[in-house]
There are 2 protein chains.
Amino acid sequence: MGIENGKIRIKDVAKKAGVSTGTVDRVLHNRGEVKEETRKKVIDIIREMGYTPNLIAKSLASKKLYRFAVIIPDANNYTPYWEKPLQGVLKAAEEIKDFNSIVDVHKFKGSDENSFRKVYAEVLKCNPDGVVFNPKHKKASLDFVKLMDEERIPYVYLDVDLASGNNIAFFGQNARQSGQAAARLISNIIPNGSEILIAKLAGKKLVSHHITLREKGFIDFFKNSNNCDCKFKSIDIDLSINTEPSLSLKKIFGEHHNIKAVFVPNSRVYRVAAFLKENNLQRTICLGYDLIQPNVEYLNLGVIDFLIGQKPEDQGFNSIMALFNHLVLQKKVNKLNYSQIDIIIKENIAYYNL
Amino acid sequence: MGIENGKIRIKDVAKKAGVSTGTVDRVLHNRGEVKEETRKKVIDIIREMGYTPNLIAKSLASKKLYRFAVIIPDANNYTPYWEKPLQGVLKAAEEIKDFNSIVDVHKFKGSDENSFRKVYAEVLKCNPDGVVFNPKHKKASLDFVKLMDEERIPYVYLDVDLASGNNIAFFGQNARQSGQAAARLISNIIPNGSEILIAKLAGKKLVSHHITLREKGFIDFFKNSNNCDCKFKSIDIDLSINTEPSLSLKKIFGEHHNIKAVFVPNSRVYRVAAFLKENNLQRTICLGYDLIQPNVEYLNLGVIDFLIGQKPEDQGFNSIMALFNHLVLQKKVNKLNYSQIDIIIKENIAYYNL
DNA sequence: CTGAAAGCGCTTACAG
DNA sequence: CTGAAAGCGCTTACAG
């Protein structure tokens, strides 16, 4: 090893500068206590020799333990989706554990803002070095962000972009654009003049901003394309009512006989698929979001025609890695990170659903 | 650090076993020279304490330098595609360089088997620790593989699966399945009874196995689905002839007036798109492979309707990482690794073409 | 303000 | 067959 290998070590820099390795380390990390003159000299030599630190050695020698906290909704019947980002988070945790870094996962009840507040208060008590969280509750999230800014704790938004705050990164989908892609797929297939049902299924009367944007993108596509003159029927369905979504869907399909496609702007599309299957409406084009198990089943049955995926595992994984790169490796990280808008059909799902 | 931290070190194992760290290291790496009795004892204690090596320390201490060789076609006018796997390879190289591992890239002329043979002979002279290569030339590749088996050099297939040999992994697409996905997308759109043109464009009369499989998958889909009774017209076009593909396409479209879709089972689809645009045939559904620049442009113009992507960067990246995991980290690696079959349209390409 | 030394967990000759 | 010691490139008290 050493210079002859092309790899410059601190020792090499120190020697050339006529100082000790300790001094080089001090200027490397701006730890002060160095005469300006020698600092300059060392800096110059670092540049000149093209020194780059050996991350391996750095990590081994460092006593600092990095703790990252993750705050996401608890996966449940309405939102099995959140299992996926969690998987990614845990994979990242495994990958960075030899680098003195650990990840703590904290869950809150997705629909309950107070639960989120309680969890973030706990997290702050632990003094994490960095935080990844899902800011679905806007107001509470803004309060949280303010506290982290005061403590100079870096944070990453997952799934939803708060669009304010000093987050080092955001990982999620461009919701509006995904609606446009959905629209293209449907408009390709259905005849001119068809009716399209937009069914927003929610656990409790909570239709998030996300969902609204997907719908907006969807409708805008048709508005801006002159080759499909379709009519929309948009409804909200409250799944906490026992008889839903059957009741509402039956009514709609009874009243509108020219519905050629259903667009469900979230992961509850399997509930619509069940209805379509029971009522022999499989020929209706059905498109929804996310590769959760029941959706995959209806896709394979041919009831759901398209699913839009967004690689939630990757989002979880990359969120942690962003924190790690920022804090531990001190690499620059991109702030705005839109996931791919994956188009999934029966014929390609095998290679996504891993 | 140490036990109180939950992390067991070699030192801890040695102490409990009443031996030195050197001895533990010997049993850990099966380096022999250990009495069977002490070997057993150490093994037991390793299990009991749940020792796992610290990869960071391992890498820092190790003097062994790993050299990986990559052999891929040179990107050129006919195959700009190969830029993409190369990008992934270089990214992986960057990622593992602090782990005493370097990657050498060797290129051969894609269409020239002898060029491939020459390159692999050179590579063997360098005694690489592992090889990633594209076995498009079957016979030469089998010879190469045999030599590597003799030298016990592990190797990975990229893009094409030789389907024999002791490769530790393969990264590429399930070609037949991608043809099926393509067929589904087209059959969704075109009316019953349409004609479909399958245009196989090649640089020289070389239609690879790959391409044949894609075509097969495409046709089989229609055969097996009862709701689309379409006719196929399949042609080979030799792009090394100046007047092609115009000449052939003009003839076909002149003779067949009911062609509603063109399927191009490789990345040269942009040549067909150019023809469609010039001849005002944009309404013909056009589907091809790979996100190379000219294809992306015609997709954005609305001439190409779908592109099938396969994440070639990831394939390159993962090939190297497979070698690295196998040799350096001694992790198990999956042998058969099919890439995703990405469906790309104008509305989602922005998040793929990075 | 600066340097010498110990240590991170592992590997690698070397001595016996 | 086994152990003691040096070393990988860095960080971290500590002494001056």
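All values derive from a computational prediction rather than experimental measurement.

Caption draft 1: Up close: the sheet that holds strand β2 (residues 101-108) of chain B. All names here are of chain B. With parallel pairing, 6 strands are arranged side by side in an open sheet as β2-β1-β3-β4-β5-β11. Edge positions in the sheet fall to β2 and β11 (336-338), since each has one partner strand and no second. Pairwise comparison of adjacent strand axes, ignoring direction, gives a mean angle of 15 degrees for this sheet. With 3 bridges connecting them, strand β3 (residues 130-133) and strand β4 (residues 155-158) associate as parallel partners. Looking across to β4, one finds that Val131 is bridged to Tyr155. Along the sheet, helix α5 (residues 83-96) makes contact with β1 (66-73), β2 and β4, crossing β2 at roughly 160 degrees.

Caption draft 2: Representation of the nonpolar core within the structure. Phe68 and Ile320 of chain A together with Phe68 and Ile320 of chain B are the most contacted members of the largest nonpolar core, which has 58 residues in total. Excluding residues within four positions of it along the chain, Ile320 of chain B makes contact with Phe68, Val70, Val89, Ala92, Ile96, Val103 and Val132 of chain B. Core analysis: the next-biggest nonpolar cluster, separate from the first, contains 48 residues, Ile196, Cys230, Ile285 and Ile343 of chain B among them.

Caption draft 3: Layout of the sheet that holds strand β6 (residues 195-202) of chain A. All names here are of chain A. Strand order in this open sheet of 6 strands is β7-β6-β8-β9-β10-β12, and the pairing throughout is mixed. Only two strands of the sheet have a single partner each, and these edge strands are β7 (231-238) and β12 (342-344). Neighbour to neighbour, the strand axes of the sheet diverge by 20 degrees on average, direction disregarded. Across 4 bridges, the pairing between β6 and strand β8 (residues 259-263) is parallel. Among the inter-strand pairings, Glu195 is bridged to a residue of β8, identified as Ile259.

Caption draft 4: Spatial organisation of the protein's contact with DNA strand D. Lining the immediate environment of DNA strand D, one finds 27 residues, of which Ile10, Asp25 and Tyr51 of chain A together with Thr23 and Arg26 of chain B sit closest. The sugar and phosphate moieties of DNA strand D supply 70% of its atoms located within 4 Å of the protein. Separating a phosphate oxygen of DNA strand D from a side-chain N or O atom of Tyr51 of chain A is a distance of 2.8 Å. For the surface near DNA strand D, the elements supplying multiple residues, two or more each, are α2 (21-28) and α4 (55-61) of chain A together with α2 (21-28) and α4 (55-61) of chain B. Ranked by residues supplied to the surface near DNA strand D, first place goes to α4 of chain A with 3 residues.

Caption draft 5: Examining the protein's contact with DNA strand C more closely. In the vicinity of DNA strand C, 27 residues are found, and the nearest of them are Thr23 and Arg26 of chain A together with Ile10, Asp25 and Tyr51 of chain B. Taking the atoms of DNA strand C that fall within 4 Å of the protein, sugar and phosphate contribute 70% of them. Between DNA strand C and the protein, one listed contact pairs a base nitrogen with a backbone N or O atom of Ala57 of chain B at 3.3 Å. Secondary structure elements with two or more residues in the surface near DNA strand C: α2 and α4 of chain A together with α2 and α4 of chain B. Sorting elements by how many residues they give to the surface near DNA strand C places α4 of chain B first, with 3 residues. Tallied by class, residues from the surface near DNA strand C come to 10 nonpolar, 8 polar and 9 charged.

Caption draft 6: Region of the structure containing the relation of the copies chain A and chain B. Once turned by 180 degrees and shifted 0.1 Å along the axis, chain A lies on chain B with an RMSD of 0.1 Å. Interpreted geometrically, this transformation is the action of a two-fold axis. Closest to the rotation axis within chain A is the C-alpha of Ile189 of chain A, separated from it by 2.6 Å. Comparing interface residues between copies, 100% of those in chain A also lie at the interface in chain B; the contact surface is shared.

Caption draft 7: View of the environment of Leu287 of chain B. Structurally, Leu287 of chain B is set in strand β9 (residues 285-289). Beyond its immediate stretch of four places on either side in the chain, Leu287 of chain B contacts Ala182, Leu185, Ile186, Val262, Phe263, Val264, Val269, Phe306 and Ile308 of chain B.

Caption draft 8: Quick look at the domain arrangement of chain A. All names here are of chain A. We note that the domain assignment places domain 1 (3-53), domain 2 (66-173 + 312-340) and domain 3 (175-309) within chain A. With 10 residues of domain 2 in contact, the opposing surface of domain 3 contributes 15 residues. For domain 2, the biggest contributors to the area lost against domain 3 are Tyr78, Tyr81 and Gln173; these three give 56% of the whole. Where domain 2 touches domain 3, the interface holds 0 salt bridges. Here domain 2 is connected to domain 3 by 4 residue pairs in polar contact (both at pLDDT 80 or more). Its residues assigned to classes, the side of domain 2 that touches domain 3 shows 4 nonpolar, 4 polar and 2 charged.

Caption draft 9: Just the packing of aromatic side chains, in detail. In this structure the tally under the stated criterion is 42 aromatic pairs over all chains. Ring centres of Tyr155 of chain A and Tyr157 of chain A lie 5.9 Å apart, and the angle between their planes is 35 degrees; on these two criteria the pair is classed as tilted. Grouped by ring-pair contacts, the aromatic residues Phe108, Phe116, Tyr120, Phe133, Phe144, Tyr155 and Tyr157 of chain A constitute a single cluster. The lysine or arginine in question, Lys64 of chain B, covers the ring of Tyr66 of chain B, its NZ or CZ lying 5.0 Å from the ring centre.

Caption draft 10: Structural detail: the interface of chain A and chain B. Across the boundary between the two partners, chain A contributes 35 residues, which contact 35 residues of chain B. Surface buried jointly by chain A and chain B totals about 3,100 Å² across both partners, of which 60% is contributed by carbon and sulfur atoms. Among the ionic pairs, Arg184 of chain A bridges to Glu347 of chain B, the shortest N-O distance being 2.9 Å. Our count for the chain A to chain B interface comes out at 12 residue pairs in polar contact (both at pLDDT 80 or more). Put simply, the parts of the chain that give the side of chain A that touches chain B at least two residues each are α4, α8 (175-189) and β12 of chain A. In terms of residue count, the dominant contributor to the side of chain A that touches chain B is α8 of chain A (7 residues).

Caption draft 11: How the structure looks around the packing of helix α10 (residues 246-255) of chain B against helix α11 (residues 269-278) of chain B. All names here are of chain B. Where α10 contacts α11, the axes come no closer than 10 Å and their chain directions differ by 55 degrees. Comparing their axes, α11 and α10 come out oblique. Between α10 and α11 lies a crossing whose hand is right-handed. Across from Ser246, Leu249, Lys250 and Phe253 in α10, the residues of α11 making contact are Val272, Phe275 and Leu276. A class-by-class count of the residues in the contact of α10 with α11 yields 5 nonpolar, 1 polar and 1 charged.

Caption draft 12: Structural view of unusual backbone geometry. All names here are of chain A. Residue Pro245 follows Glu244 across a cis peptide bond; omega there is 5 degrees. Phi at Asp159 takes a positive value of approximately 80 degrees, unusual for a residue other than glycine. By secondary structure assignment, the location of Asp159 is in the loop between β4 (155-158) and β5 (169-172). Take Asp159: its relative accessible area is 11%, and that puts it in the buried class. Even without being a glycine, Lys311 presents a positive backbone phi close to 50 degrees. Mapped onto the secondary structure, Lys311 falls in the loop between β10 (306-309) and α13 (312-327). The exposure class assigned to Lys311 is buried, which follows from its relative accessible area of 14%.

Caption draft 13: Inspection of the pairing of β2 of chain B at higher detail. Residue and element names in this part refer to chain B. Summarising the sheet, β1 and β2 pair through 8 bridges and their orientation is parallel. Note on β2: the bridge partner recorded for Arg67 is Ile102. Once you follow β1 into α5 and on to β2, the crossover reads as right-handed.

Caption draft 14: Structural view of helix α3 (residues 36-49) of chain B. Residue and element names in this part refer to chain B. Taking 1.5 Å of rise per residue, the 14 residues of α3 would be expected to cover 20 Å, and the 20 Å separating its terminal C-alpha atoms lies within 8% of that figure. Looking at the packing, one finds that the buried side of α3 touches α1 (10-17) and α2. Gly50 lies just past α3 and shows a positive phi near 70 degrees.

About the cut-offs
Residues numbered from 1 in each chain as written. Chains lettered and ligands numbered in written order. Predicted model: local features only at pLDDT ≥ 70, side-chain atom pairs only at ≥ 80, totals over all residues. Heavy atoms only, no water. Pairing = 2+ DSSP bridges. Helix = DSSP H or I, 4+ residues; strand = E, 2+ residues; numbered from the N terminus. Axes fitted to C-alpha atoms, helices over the stretch in contact; angles between N-to-C directions. Contact = heavy atoms within 4.5 Å. Core = buried A, V, L, I, M, F, W, Y, C linked by side-chain atoms within 4.5 Å. Buried < 20%, exposed > 50% of the residue type's maximum accessible area, 1.4 Å probe, protein only. Near = heavy atom within 4 Å. Polar contact = N/O pair within 3.5 Å; in protein donor to acceptor, adjacent residues only side chain to side chain. Nonpolar A, V, L, I, M, F, W, Y, C, P; charged D, E, K, R; others polar. Least-squares fit on C-alpha atoms with pLDDT ≥ 70 in both. Domains from an automatic or database assignment. Buried area = accessible area lost by both parts, 1.4 Å probe. Salt bridge = Lys/Arg side-chain N within 4 Å of Asp/Glu carboxyl O. Phe/Tyr/Trp six-rings, centres within 6.5 Å; stacked < 30°, edge-to-face > 60°. Lys NZ or Arg CZ within 6 Å of the ring centre and 35° of its normal. Parallel < 35°, antiparallel > 145°, perpendicular 65-115°, else oblique. Left-handed = near helix turned anticlockwise from the far one by under 90°. Right-handed = clockwise from strand over helix to strand, strands pointing away. Expected span 1.5 Å × (residues − 1).

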